Amino acid sequence: MTFVLDPRDPSTPPPGGSFQDALLEGLNPQQRQAVLYRGPALLIIAGAGSGKTSVLTRRIAGLLATREAWPSQILAITFTNKAAAEMRERVQQLVGRQQAEGMWISTFHSACVRILRREAENFGFTKSFTIYDSADSKALIKRIIKELEADTFGITVSGAMNKISKLKNELSDVESYARGANFNDPGEVMFLQIFREYTKRLQSANAFDFDDLIGQTVYLFRAFPHVAALYQRRFRHILVDEYQDTNHAQYALIQELTRPVNQGDLPLDLQGKGHLDPASLTVVGDSDQSIYAFRGADIRNIVEFERDFPNSTTILLEQNYRSTQNILDAANSVISNNFDRKDKKLFTTIGSGEKIVGFTGYSGHDEAQFVADEITKLHDSGMAYKEIAVFYRTNAQTRALEDIFIRSALPYRVLGGTKFYERAEIKDAMSYLITVANPLDPMALRRIMNVPKRGIGPATEAALQNFADNNQTTLRDAMRNAQALGLGPKVTGAITGLALILDDVQATVDVPEGVAQAKPSDILKTLLDRTGFIEALRATRDPQDEARAENVEELLSVTKEFQKNNPDGTLLDFLTEVSLVAAADDLDDTSGTVSLMTLHTAKGLEYEAVFLTGIEEDLLPHRMSAGEPGGPAEERRLFYVGITRARQRLYLSLAMTRAQFGEVNVAMPSRYLQEIPPELIDWKQSPGDATSRNGTQPRALNARRGAFGAEGSLGTGASGFNGGFGGGFTGSGSGYENAGGPSATALARAARNAAKPKTEWANKITGTVRDNGDLTLAAGDRIRHVDFGDGRVSAVTGEGTKRVAEVHFDTAGRKRLLIKVAPIEKI
DNA sequence: CTTGCATTTTTTTTT
DNA sequence: AAAATGCAAG
């Protein structure tokens, strides 16, 4: 038998061995056991970086290579689409592309959509149902609350939404919730009404929300045994990654799929053929990395696995192949503060490595500057940008980082956050596609009814909805019959005109069997052209609309790209893919950029160098987690996840003050910092340094002290902190820039933190990015920088808007600056 | 119906 | 600081 192994994988054996040798090459005994296990249920407790992906892929490859399973009998669930693609790729490299054809490797949500599209007609949906994302659900709930005037009961949109989501994750529907409801509580009665109405409208819109995708699939299996039997029979090996983050609905789904097949439920032609035993289940997880309790993840699923599956085997993977011992020591030490956990200690043979680097900035910007400077140093010493990542707790923290990165000409990309598909103009354009795919969906239709502006306002929309309700028809149908409403001729024409466009395009999608459907990009192009969507954006005075028009054109390229990758991809396939992209999915390994993301998004990823920023009280642990039971423990796990992403270098940074809601607040070091043995951290500037050096403290900070009064002043807070930490934070005190010694860095810092002088050029900073126009610089020029003061240009590289100046500042050391946007002037 | 301005609220994390 | 909301004028 011939086989291919990943040449990048150091464990790839020399050619000539048996397949089994190749399969197990480079694995430790526990990993081998996990690859070779055959039986009903296997639990792999896999510590961070313990090679579980390798184990899972080899396990699948082994099943395929020995013909124990056909590819179509394998269902592997991953946490992101990117992880799914990677796993598929690695299995294919082991057994060949053809051998792996037909495996289901996907996320819970993608797998469920696939099942639901196939089976939805069993229970009152069509295959072209819409998937409502959180924003869609929110809009619908908001509408319902308004209609029912439920806000007078103290019910908020987000409150109702969270509650509904929580209930759905517990597989509770309106009726089961009603059974236990307290009908003497008017608020609860009102909530019940909202829940009922929400459910009804999803059904009539032919739509599922995110939670439904899982919950309704479970419902489908439970209500229709003949459907369940097909999938129980089909999937012989089910593997679930990140099992610690499954919620009850996902747990129930796995339970349904691993039931023994009831012969009588199968179609006649399948009865008595094939396997009737329950599928074999493999789950992989690590309770120390459970960070999704807020969206219903239930740690008990993994803790009680052995009870749920009495015949199961458990394997522990504790050897870490990713990080240095210093990084692991820090991680172990932090996580050991969570009681109620099985003791588990990661170890490595890699060696202790560099110390962890700590830094305390005076502000979020100061911290960001440190991060940028250190990244530049790492890059100068040969580390690729794509091997570096910056993590933070909240998306809002990206602002300061982006600001500094742009000025420093650091190539970066932000994962997640305000995603492309969340932009209003993109949602509008997507709504056109949704309306064509699913004419029953009034939410999508409402969204585009007056985009571009057609003079169809709220009153007209209400009239149409009224007509639809009175005639037991859809909003879309009401638009077709707009003449019957007796509105003005202009509005009526606008409405019927839009209805005609939508009907025309829909006719190219709803084609008879055997006829080819129109392609997503052609559909979008036609819709945009006939509605004048892009021209309307270009015709306005708002300067941002040009960027919006470009975004819509970008969406058009996305549809073309999709077609290139999926030649047979339908409109529905495209809509599904877009609905289910995860933050980590737009990671592009070839981008050559530094990656910025939240700690949650970072799960499952790894980098040579990792910067954990904002390690402060109220941020990590986050203020909002304080009230939740188990909140601080989950935040600690989040910190643990962040630490364990790093292979070689780990940086921990925080700031003494942080801007929030437009005002500056004092920040305190996170309690979790104390949990790392002090000798593991090399503080370039410790929290103590940043507060106790009165002589060199920046002006702006001194000025601010008065504002806080005695009680909340930095002085008081700082000494309290120093006492509490028993001197553990006494760092080198030399400042992080070695260029000019302590006094120089202190000066630079003072300059950086001082109130910005209101010179002409300072005012040029408009919006988020400043523009120096065609300012030209050459080596030898003297310049002045808002934060770093005066300096001399030593070199200029790059072209056009990407020109970068390397500057030796008199006090702040060497920096690289993007000439077009840096806050500089020639002197 | 649309536009512009004033006011208020908002940030945890995500499929 | 930015986004969402509300209100009044055109």
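Only a predicted model underlies this, so the values are computations on that prediction, with no experimental measurement involved.

### Re the domain arrangement of chain A
Turning to step 1, where the next piece is worked out: Here chain A is partitioned into domain 1 (19-122 + 213-317), domain 2 (130-205), domain 3 (347-417 + 588-691), domain 4 (420-583) and domain 5 (781-826).
Turning to step 2, where the next piece is worked out: Measuring from the centre of the C-alpha atoms in domain 2 to the corresponding centre in domain 5 gives 55 Å.

### So, the protein's contact with DNA strand C
Turning to step 1, where the next piece is worked out: Lining the immediate environment of DNA strand C, one finds Lys142, Arg399, Phe661 and Gly662.
Turning to step 2, where the next piece is worked out: For DNA strand C, the fraction of atoms within 4 Å of the protein that belong to sugar or phosphate moieties is 40%.
Turning to step 3, where the next piece is worked out: Within the backbone of Phe661, a nitrogen or oxygen atom sits 3.4 Å from a base nitrogen of DNA strand C.
Turning to step 4, where the next piece is worked out: Classifying every residue of the surface near DNA strand C by side-chain character gives 1 nonpolar, 1 polar and 2 charged.

### Observations concerning the packing of helix H11 (residues 210-223) against helix H12 (residues 225-234)
Turning to step 1, where the next piece is worked out: Relative orientation of the contacting elements H11 and H12 amounts to 105 degrees, with a least axis distance of 5 Å. When the axes of H11 and H12 are compared, the pair comes out roughly perpendicular. Two secondary-structure elements touch here, H11 through Leu220, Phe221, Arg222 and Ala223 and H12 through Pro225, Val227, Ala228 and Tyr231.

### A closer look at the sheet that holds strand S7 (residues 280-285)
Turning to step 1, where the next piece is worked out: Taken together, 6 strands build an open sheet; the order of strands is S3-S2-S6-S7-S1-S8 and the sheet is parallel. What marks the edges here is a single partner per strand, and that holds for strand S3 (104-107) and strand S8 (313-317). Each adjacent strand pair in this sheet contributes to an overall mean axis angle of 15 degrees, direction not counted.
Turning to step 2, where the next piece is worked out: Where strand S1 (residues 41-46) meets S7, 5 bridges bridge the pair, whose relative direction is parallel. Paired with Leu43 across the strands is Val283, a residue of S7.
Turning to step 3, where the next piece is worked out: Across the sheet, helix H4 (residues 81-95) touches strand S2 (74-78) and S3, and the angle it forms with S3 is around 160 degrees.

### Some thoughts on unusual backbone geometry
Turning to step 1, where the next piece is worked out: Here the amide bond leading from Val451 into Pro452 is cis, since omega sits at -5 degrees, within 30 degrees of zero.
Turning to step 2, where the next piece is worked out: The omega torsion of the bond from Leu620 to Pro621 falls at 5 degrees, within 30 degrees of zero and hence cis.
Turning to step 3, where the next piece is worked out: With respect to the helices and strands, the residue Pro621 is situated in the loop between strand S13 (607-612) and helix H29 (631-643).
Turning to step 4, where the next piece is worked out: In this model, Glu242 sits at a positive phi of 50 degrees, which is unusual for a non-glycine residue.
Turning to step 5, where the next piece is worked out: Position of Glu242 relative to the elements: it lies in the loop between strand S6 (237-240) and helix H13 (248-257).
Turning to step 6, where the next piece is worked out: The class for Glu242 is buried, based on a relative accessible area of 8%.
Turning to step 7, where the next piece is worked out: Non-glycine residue Gln472 carries a positive phi angle of around 55 degrees.
Turning to step 8, where the next piece is worked out: By secondary structure assignment, the location of Gln472 is in the loop between helix H21 (458-470) and helix H22 (475-480).
Turning to step 9, where the next piece is worked out: Residue Gln472 is classed as exposed on the basis of its relative accessible area of 77%.

### A few points about the pattern of salt bridges
When the charged atoms of two side chains with opposite charge come close together, those side chains can pair.
Turning to step 1, where the next piece is worked out: Under the defined criterion, the tally for this structure stands at 52 salt bridges.
Turning to step 2, where the next piece is worked out: Asp529 is the partner of Lys525 in a salt bridge, and the nearest nitrogen-oxygen pair spans 2.9 Å. Of this pair, Lys525 and Asp529 both sit in helix H24 (residues 520-531), 4 residues apart, which is roughly one turn of the helix.
Turning to step 3, where the next piece is worked out: A relative accessible area of 39% means that Lys525 is categorised as partly exposed.
Turning to step 4, where the next piece is worked out: Salt-bridge contacts for Arg636 lead to Glu675; the nearest nitrogen and oxygen are separated by 2.7 Å. Remark: Glu675 occurs in the loop between strand S16 (663-666) and strand S17 (681-685) and Arg636 occurs in helix H29; sequence separation between them is 39 residues.

What counts as what
- Residues numbered from 1 in each chain as written.
- Chains lettered and ligands numbered in written order.
- Predicted model: local features only at pLDDT ≥ 70, side-chain atom pairs only at ≥ 80, totals over all residues.
- Heavy atoms only, no water.
- Domains from an automatic or database assignment.
- Near = heavy atom within 4 Å.
- Polar contact = N/O pair within 3.5 Å; in protein donor to acceptor, adjacent residues only side chain to side chain.
- Nonpolar A, V, L, I, M, F, W, Y, C, P; charged D, E, K, R; others polar.
- Axes fitted to C-alpha atoms, helices over the stretch in contact; angles between N-to-C directions.
- Helix = DSSP H or I, 4+ residues; strand = E, 2+ residues; numbered from the N terminus.
- Parallel < 35°, antiparallel > 145°, perpendicular 65-115°, else oblique.
- Contact = heavy atoms within 4.5 Å.
- Pairing = 2+ DSSP bridges.
- Buried < 20%, exposed > 50% of the residue type's maximum accessible area, 1.4 Å probe, protein only.
- Salt bridge = Lys/Arg side-chain N within 4 Å of Asp/Glu carboxyl O.

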